[in-house]
Amino acid sequence: MGRIFITRELPFDAVDRLRAEHAVDVWERPDPPPPEALRERAAGADALLTMLTERVDEALLDAAPRLRAIANMAVGTDNIDLEAAAARGIAVGNTPGVLTDTTADLAFALLLGVARRLPEGAAEVRDGRWGPWQPAHGLGADVAGATLGIVGRGRIGDAMARRGEGFGMEVVHSSRSSGIPLEELLERADFVSLHTPLTPATRHLIDAAALERMKPTAFLINTARGGVVDQAALREALIGGAIAGAGLDVTDPEPLPPDDPLLDAPNLLVVPHVGSATVRTRARMAAMAAENLLAALAGRPMPYPAT
Ligand code: DGY
């Protein structure tokens, strides 16, 4: 029997599956455990089930000498020092595949939302500002016939491309191994959608210069990681009219404080990192994380290894 620390209550039967075979300790609060608490609770654990909010760095790994396995309930693993874990022989797993369509749906919802100015229209109705029909009121951008530029062509990028094609868009992409150069994509696309992991190479990939390359009528969609975009530059681009709008599921930091200067920018739709948030997908993610730990603690390879 191993000892598992789970960093959040999971509203699914994954915890029961782990409890059937192991001693399970669950962080009792809705907020993530602060680093010190995480270190304390991980200290005696053989395995961790973490969220993307937990920083699993060398300091944490050093504080947890028994650790054999980490299951991240996310496809992204930028919160985990994978090299440091590998150096200590700790298996790391994630949850690829199950959230692909769910996340691409949200990316496309953001795209449609900003193209057709839905937040602005909804606010007008709620605030009692819905005036008589006007020929030039609420004019947005067409999606059919527009060019969708996909940055990063993994599973979610592919799923986004399928959605774009279904809506009659011309789809181009730029990734490390295929597609067109990023500069060309930024210049051609009417909608730029980010689907690249956050790594040292992609941090602030979309900076002031990249935003400057985009058309003033173009929109930026980010469902990847907040750190891929230089948020201060994005604010300037939105305020200065260098681009037409942005739809973000991810920001840096998260949560974004309500007084963050970014939120003053026009034509901006921000939702709170809900890309994978459907009942079915989150249940599958929790199940995969549990399966990763059950396998690793039984001495078998994880079914969904991160590397
Ligand atoms: C992930 O899995 O990496 C997503 O960002 C969380 O849904």
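What counts and what doesn't
- Residues numbered from 1 in each chain as written.
- Predicted model: local features only at pLDDT ≥ 70, side-chain atom pairs only at ≥ 80, totals over all residues.
- Heavy atoms only, no water.
- Helix = DSSP H or I, 4+ residues; strand = E, 2+ residues; numbered from the N terminus.
- Buried < 20%, exposed > 50% of the residue type's maximum accessible area, 1.4 Å probe, protein only.
- Contact = heavy atoms within 4.5 Å.
- Polar contact = N/O pair within 3.5 Å; in protein donor to acceptor, adjacent residues only side chain to side chain.
- Salt bridge = Lys/Arg side-chain N within 4 Å of Asp/Glu carboxyl O.
- Pairing = 2+ DSSP bridges.
- Axes fitted to C-alpha atoms, helices over the stretch in contact; angles between N-to-C directions.
- Right-handed = clockwise from strand over helix to strand, strands pointing away.
- Core = buried A, V, L, I, M, F, W, Y, C linked by side-chain atoms within 4.5 Å.

**Q** Account for the environment of His-22, with residues named and values stated.
**A** Within the element layout of this structure, His-22 appears in the loop between helix 1 (14–19) and strand 2 (23–26). Residue His-22 is classed as buried on the basis of its relative accessible area, which comes to 9%. Linking His-22 and Gly-166, residues 144 residues apart in sequence, is a C-alpha distance of 46 Å. Residue contacts for His-22: discarding those within four places in its chain leaves Met-1, Gly-2, Ile-4, Leu-294 and Leu-297. Here Gly-2 takes part through its backbone nitrogen, which lies 2.8 Å from a polar atom of the side chain of His-22.

**Q** Outline the pattern of salt bridges, listing residues and values.
**A** One pass over the full model with this rule turns up 22 salt bridges. The salt bridge partner of Arg-41 is Asp-25, with a shortest N-O separation of 2.9 Å. Here the residue Arg-41 occupies a position in helix 2 (residues 35–42), and Asp-25 occupies one in strand 2, the gap between them amounting to 16 residues. Residue Arg-41 pairs with Glu-28 through a salt bridge whose shortest N-O separation is 2.9 Å. One end of the pair, Arg-41, is in helix 2; the other, Glu-28, is in the loop between strand 2 and helix 2, with 13 residues separating them in the sequence. For Glu-28, a relative accessible area of 46% translates into the label partly exposed. What you see here is one network of salt bridges that share partners, running through Asp-101, Asp-105, Arg-162 and Arg-163.

**Q** Report on the pairing of strand 9 (residues 219–222), specifying residues and quantitative values.
**A** The side-chain alternation of strand 9 yields two buried faces, one formed by Phe-219 and Ile-221 and the other by Leu-220 and Asn-222. Note: strand 8 (residues 191–194) against strand 9, four bridges, orientation parallel. When the bridges of strand 9 are listed, Phe-191 appears paired with Phe-219. By the bridge criterion, four bridges tie strand 9 to strand 10 (residues 245–248) in an arrangement that is parallel. If you follow Leu-220 over to strand 10, its bridge partner there is Ala-246.

**Q** If you had to explain the sheet that holds strand 9 to someone new, which residues and values would you point to?
**A** The strand order 7-6-8-9-10-11 describes an open sheet built from six strands, whose pairing is parallel. Edge strands, defined here as strands with exactly one partner in the open sheet, are strand 7 (170–174) and strand 11 (268–270). Across the sheet, the axes of successive neighbouring strands diverge by a mean angle of 15°, strand direction being ignored. Summarising the sheet, strand 6 (residues 147–151) and strand 8 pair through four bridges and their orientation is parallel. Within the sheet, the bridge partner assigned to Gly-149 lies in strand 8 and is Val-192. Its contacts with the sheet place helix 10 (residues 231–240) against strand 9, strand 10 and strand 11, and it is angled at close to 140° to strand 10.

**Q** Give me the lowdown on the pairing of strand 8, citing residues and values where you can.
**A** Along any regular strand the residues' side chains alternate between the sheet's two faces. The alternating pattern of strand 8 places Phe-191 and Ser-193 and Val-192 and Leu-194 on opposite faces, both of which are buried. Tracing the backbone out of strand 8, into helix 9 (residues 208–213) and back to the parallel element strand 9 gives a crossover that is right-handed.

**Q** Quick rundown of the environment of Leu-82? Include the residues and the values.
**A** Mapped onto the elements of the fold, Leu-82 is located in helix 4 (residues 82–87). In this structure, the C-alpha to C-alpha distance between Leu-82 and Ala-306, residues 224 residues apart in sequence, is 8.5 Å. Every residue in contact with Leu-82, bar those within four places of it in the chain, is listed here: Thr-77, Val-92 and Thr-307.

**Q** Got a sec to walk through the nonpolar core? Specific residues and values, please.
**A** Judged by nonpolar contacts, the single largest core of 31 residues is most densely connected at Val-192, Leu-194, Leu-211, Leu-220 and Leu-234. Of all elements in the fold, only helix 8 (182–188), strand 8, helix 9, helix 10 and strand 10 reach the threshold of two or more residues within this core. Sorting elements by how many residues they give to this core places helix 10 first, with four residues. Setting aside residues up to four positions removed in sequence, Leu-194 forms contacts with Val-151, Ile-206, Leu-220, Ile-221, Asn-222, Thr-223, Ala-224, Val-228 and Val-229. Counting 27 residues, the second-largest nonpolar core is a separate cluster that includes Ile-4, Ala-47, Leu-99 and Met-285.

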